[in-house]
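For reference, the chains in residue letters:
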Amino acid sequence: MSDSKTPLLDELEKGKWPSFVKDLKKLAQRSPKAKDLLGQLELSYKDKMTHWKHGGIVGVKGYGGGVIGRFSDAGDQFPGAAHFHTVRVNQPSGWFYTSTALRELMDIWDKYGSGIVNMHGSTGDLILLGVDTDNLEPLFTDLSNADWDLGGSGSDARTPSCCLGPARCEFACYDTLALTYDITMTYQDELHRPFFPYKWKFKMAGCPNDCVASIARSDFSIIGIWRDNIRIDQDEIKKYADSGLNIAADVVNKCPKNCVEWDGKALKIDDEGCSKCMHCINVMPKALRPGEDKGACILIGAKAPIVEGAQLSSVLVPFMKLEPPYDELKSLIRRIWDFWDEFGKARERIGECIQRIGLGNFLEKVGLDPVPQMVLQPRDNPYIFYEEYFEEE
Amino acid sequence: MSTPQRRTDIGPPHYEKFLHPIIKNNYGKWKYHEVLKPGVLVHVAEGGDKIYTVRAGSPRLMSSDFVRFLCDLAEKYCDGYLRFTSRNNVEFLLANKDNIEPLINDLSANGISAGGTKNTISNIVHTQGWVHCHSAATDASGLVKAVMDELCDYFTGKIELPHKLRIAVACCLNMCGAVHCSDIAILGVHRRPPKINYERLSNLCEIPSIIASCPLAAIRPTIIDGKKSVEVDEDNCMYCGNCYTVCPAMPIADPLNDGVSIWVGGKVSNARTTPMFTKLAIPFLPNNPPRWPEAVAAVKNIVEVYARGAKKYERVGEWINRIGWPKFFDLTGIEFTKYHIDDFKYAGKTYRTTTQMV
């Protein structure tokens, strides 16, 4: 019989995929907090329930967000897990790192915390898991002296995140990294001090492939797109055909708008009819590229189910040029926040608020004209709230 | 005691500090990319410069030593430049093509697979689960490990798929893992109404906030032992746990009833079809740690049926839309129940209002 204290977790040391249990057990040899975390997790596997208590307000001086209090309900059994707070560290745009920077960060973390991290959290932060309340301030001091800052939590602007954009992708229709950095720096106060009705997430995606799930996961989705024609390199098209790609089946027949033609010699695209879905470009990236008149589509309101049901973001501005200093974008953000501040209810996301108030009314409040691109179709019910009527004088 | 020197609101380090010189020189000037083999990409710039990427599946939950191990590899093979993807893969950015194979060998000697590109199952996006969350109905890291052990060959490209397949795990309806738009999703669920601790509730919680938190208005004010409190109309509770989020005295976790549900057919990309929500495939499977065999088998079954039936470039949702939901349930052998029919807001929009069944 094995005398392991974590027989259930030990099962997860087996298998082809890297094992977090194996990794954390090694860490536990030098980190008592990691050891007790594993002990508590084993208990959860046995009891089939969580052993974390509900929240608890902790933080660092001057910040309302960035740290999430986490206390164990089995702290007497696992003292290392008694306080196990989360620290969200604002990741660099596009999650690019050097080993030097990561090593420095890990050294700081080992000095004050459990040594356990998430690369990365769902919103994008680099997450440090497991620090005692007393160590929060010294940890933050060391982090900030090494040029790292906290991300968002609670009812604030959450840490903005983006795809790797022009850093390593030919599809990027605007500079996602630059915009994300600019927005993050512009709204430091909104990011660190929660005074919104609820959370607010920004996600910057460089093209309609949306590798950061902006349309599903952010209240304010900025998705790159172009207005002119797809650029075609006919020589490369021929090479794809010669190398065995079935252009008729895999490109022409898959075009949702039937706007691609291929006669075996040249590829023609009816750009007027193109919905800019990216499929043909994805299949033949050497031959096809987005146009040159690039910018972004701005959409609003995505969220997961809590409270009123999941939503995808919907179009607010069909196309906007995005160049520094991004005045048009920032003015829009400010108008929306002012509206939300006035009309939002506590724990109501902007998407839910718009559903309650009506998109038409929302547009009036934030000073945008209604355009057909905002809807899939006009209303099909006749219950119109006409706002004016005439009276006989 | 004097406060040690500290700086605030400095924001993250500027990303330019972390960009490989080849990336810095060709920023915004990339011409095209190719997938050389599963897990290996080359990006070619207008001027001909090339940067190679090796993508590998790392667990999202890791130790500082594991991060240092990734740093060791980055230093050995690519001057210390690495990044992470939106699906928690690690990527090494290489200038030298000759380093690709030695890096992959080094990774694989340490139990880490390269893959996750093109028509594969990429790394699973997931939440904290029992590892670190108070509202979790299941664990996430363990569940993900168990699923990926079974599906690893789809990550490495050893078994090909008709198109990319994205899996997500969220441990409760808060869906921090955004499972609502994935090809296949595993979602932790609670199944019994909150158990009210009346004494704690009157000390801890604001009654109007609790009442307002319920999307179905199933929480009403009442008086218990002379103190203001609340009662839950249990027939109207859909176990969302939102009341627990605002009031710790209304715990909803319950080992006898918590478990997981399986969802299919979502996507976020605009390619071909518009983004889609995931839809319910299996309303409930038991929490069975450490390996959740029922959930793993259910996911594997759906992957295999999709791999057999879908046409090239069809995501799971596109495949199901083509064959129709009746066929999906038929092919997967999943039972269709009352629970599959929506009864929340706008439920009627999902009823079939045509004689066409496909």
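Residues numbered from 1 in each chain as written. Chains lettered and ligands numbered in written order. Predicted model: local features only at pLDDT ≥ 70, side-chain atom pairs only at ≥ 80, totals over all residues. Heavy atoms only, no water.

### Observations concerning the packing of helix 4 (residues 99-112) of chain A against helix 5 (residues 136-145) of chain A
Residues and elements named next belong to chain A.
Logical step 1: Interaxial distance between helix 4 and helix 5 falls to 10 Å at its minimum, and their mutual angle equals 170°. Comparing the axis directions of helix 4 and helix 5 gives the class roughly antiparallel. Handedness of the helix 4/helix 5 crossing: right-handed. For the pair helix 4 and helix 5, the contacting residues are Leu-105, Ile-108, Trp-109, Lys-111 and Tyr-112 in the first and Pro-138, Leu-139, Asp-142 and Leu-143 in the second. (Axes fitted to C-alpha atoms, helices over the stretch in contact; angles between N-to-C directions. Helix = DSSP H or I, 4+ residues; strand = E, 2+ residues; numbered from the N terminus. Parallel < 35°, antiparallel > 145°, perpendicular 65-115°, else oblique. Left-handed = near helix turned anticlockwise from the far one by under 90°. Contact = heavy atoms within 4.5 Å.)

### Considering the pairing of strand 10 (residues 219-224) of chain B
Residue and element names in this part refer to chain B.
Logical step 1: Pairing analysis gives six bridges linking strand 10 to strand 11 (residues 227-232), with the strands arranged antiparallel. Along strand 11, the bridge assignment pairs Arg-220 with Glu-231.
Logical step 2: In sequence, strand 10 turns back onto strand 11 through a hairpin of two residues, with Asp-225 there showing a positive phi of about 50°. (Pairing = 2+ DSSP bridges.)

### What about the sheet that holds strand 3 (residues 50-57) of chain B?
Logical step 1: Taken together, the six strands give an open sheet; going across it, the order is 3(A)-5(B)-6(B)-3(B)-2(B)-1(B), and neighbouring strands pair in antiparallel fashion. In this open sheet, the two edge strands, each paired with only one partner strand, are strand 3 (96-98) of chain A together with strand 1 (30-37) of chain B. In this sheet, adjacent strand axes meet at a mean angle of 25° when their direction is disregarded.
Logical step 2: For strand 1 of chain B and strand 2 (residues 40-45) of chain B, the ladder comprises six bridges, and the chain directions are antiparallel. Looking at strand 2 of chain B, one finds that Lys-37 of chain B is bridged to Val-40 of chain B.
Logical step 3: Against the sheet, helix 4 of chain A makes contact with strand 3 of chain A together with strand 5 (81-84) of chain B, and its axis sits at roughly 80° relative to strand 3 of chain A, the strand it touches most.
Logical step 4: Against the sheet, helix 3 (residues 100-109) of chain B engages strand 1, strand 2, strand 3 and strand 6 (89-94) of chain B, with an angle of about 10° to strand 3 of chain B.

### Concerning unusual backbone geometry
Logical step 1: Residue Met-119 of chain A is joined to His-120 of chain A through a cis peptide bond whose omega torsion reads 10°.
Logical step 2: Along the chain, His-120 of chain A falls in the loop between strand 4 (113-119) and strand 5 (126-131).
Logical step 3: Of note, the amide linkage connecting Ile-306 of chain A to Val-307 of chain A takes the cis form, showing an omega dihedral of 5°.
Logical step 4: When you line up the elements, Val-307 of chain A lands in the loop between strand 13 (294-300) and strand 14 (314-320).
Logical step 5: Positive phi is not limited to glycine here, since Ala-217 of chain B has a value of about 50°.
Logical step 6: As for its placement among the helices and strands, Ala-217 of chain B is situated in the loop between helix 6 (207-213) and strand 10.
Logical step 7: If you check the backbone angles, Arg-272 of chain B has positive phi at about 60° while not being a glycine.

### Some words on the environment of Glu-16 of chain B
Logical step 1: Relative to the helices and strands, Glu-16 of chain B is located in the segment before helix 1 (21-25).
Logical step 2: Between the C-alpha atoms of Glu-16 of chain B and Asp-98 of chain B, which are 82 residues apart in sequence, the distance is 26 Å.

### Quick look at the environment of Trp-200 of chain A
All names here are of chain A.
Logical step 1: Tracing the chain through its elements places Trp-200 in the loop between helix 8 (188-192) and strand 7 (202-205).
Logical step 2: Note on Trp-200: relative accessible area 0%, which makes it buried.
Logical step 3: Considered as a pair, Trp-200 and Tyr-97 are 103 residues apart in the sequence and their alpha carbons are 26 Å apart.
Logical step 4: Residues within four places of Trp-200 in sequence aside, it is in contact with Asp-156, Ala-157, Arg-158, Asp-219, Phe-220, Ile-336, Trp-337, Trp-340 and Ile-350. (Buried < 20%, exposed > 50% of the residue type's maximum accessible area, 1.4 Å probe, protein only.)

### Describing helix 10 (residues 325-332) of chain B
Residues and elements named next belong to chain B.
Logical step 1: Within the span of helix 10, buried status applies to Phe-328, Phe-329 and Thr-332. Considered in projection along helix 10, the buried side chains sweep an arc of 95° and stay on one side of the axis.
Logical step 2: A positive backbone phi angle near 70° is found at Gly-333, which sits one or two residues after helix 10. (Arc of directions from axis to C-beta.)

### A closer look at a nonpolar patch on the surface
Logical step 1: Residues Phe-336, Ile-341 and Tyr-351 of chain B make up a contiguous nonpolar surface patch of roughly 320 Å² in combined accessible area.
Logical step 2: Mapped onto the elements of the fold, Phe-336 of chain B is located in the segment after helix 10. (Patch = residues over 30% accessible without salt bridge, like charges linked within 9 Å, V, L, I, M, F, W, Y side chains within 5 Å. Areas by Shrake-Rupley, 256 points an atom, 1.4 Å probe, with all protein chains shown as cover. Salt bridge = Lys/Arg side-chain N within 4 Å of Asp/Glu carboxyl O.)

### Quick word on helix 7 (residues 176-186) of chain A
Residues and elements named next belong to chain A.
Logical step 1: For helix 7, the buried fraction is high: eight of the eleven residues fall into the buried class.
Logical step 2: Taken as a whole, helix 7 has its buried residues at Thr-176, Leu-177, Ala-178, Leu-179, Thr-180, Tyr-181, Ile-183 and Thr-184.
Logical step 3: One side-chain oxygen of the residue at the start of helix 7 lies 3.3 Å from the amide nitrogen of Leu-177, identifying that residue as Asp-175. (Polar contact = N/O pair within 3.5 Å; in protein donor to acceptor, adjacent residues only side chain to side chain.)

### Regarding the domain arrangement of chain B
All names here are of chain B.
Logical step 1: Each domain of chain B was delimited in the assignment, giving domain 1 (15-109), domain 2 (125-191 + 255-350) and domain 3 (198-246).
Logical step 2: On a C-alpha basis, the centres of domain 2 and domain 3 stand 31 Å from each other.
Logical step 3: At the junction of the two partners, domain 2 supplies seven residues and domain 3 supplies six residues.
Logical step 4: Summed over both sides, the interface between domain 2 and domain 3 buries roughly 570 Å², with carbon and sulfur atoms accounting for 65% of that surface.
Logical step 5: Of all residues in domain 2, His-134, Leu-173 and Phe-344 bury the most surface against domain 3, accounting for 56% of the area lost on that side. (Domains from an automatic or database assignment. Buried area = accessible area lost by both parts, 1.4 Å probe.)

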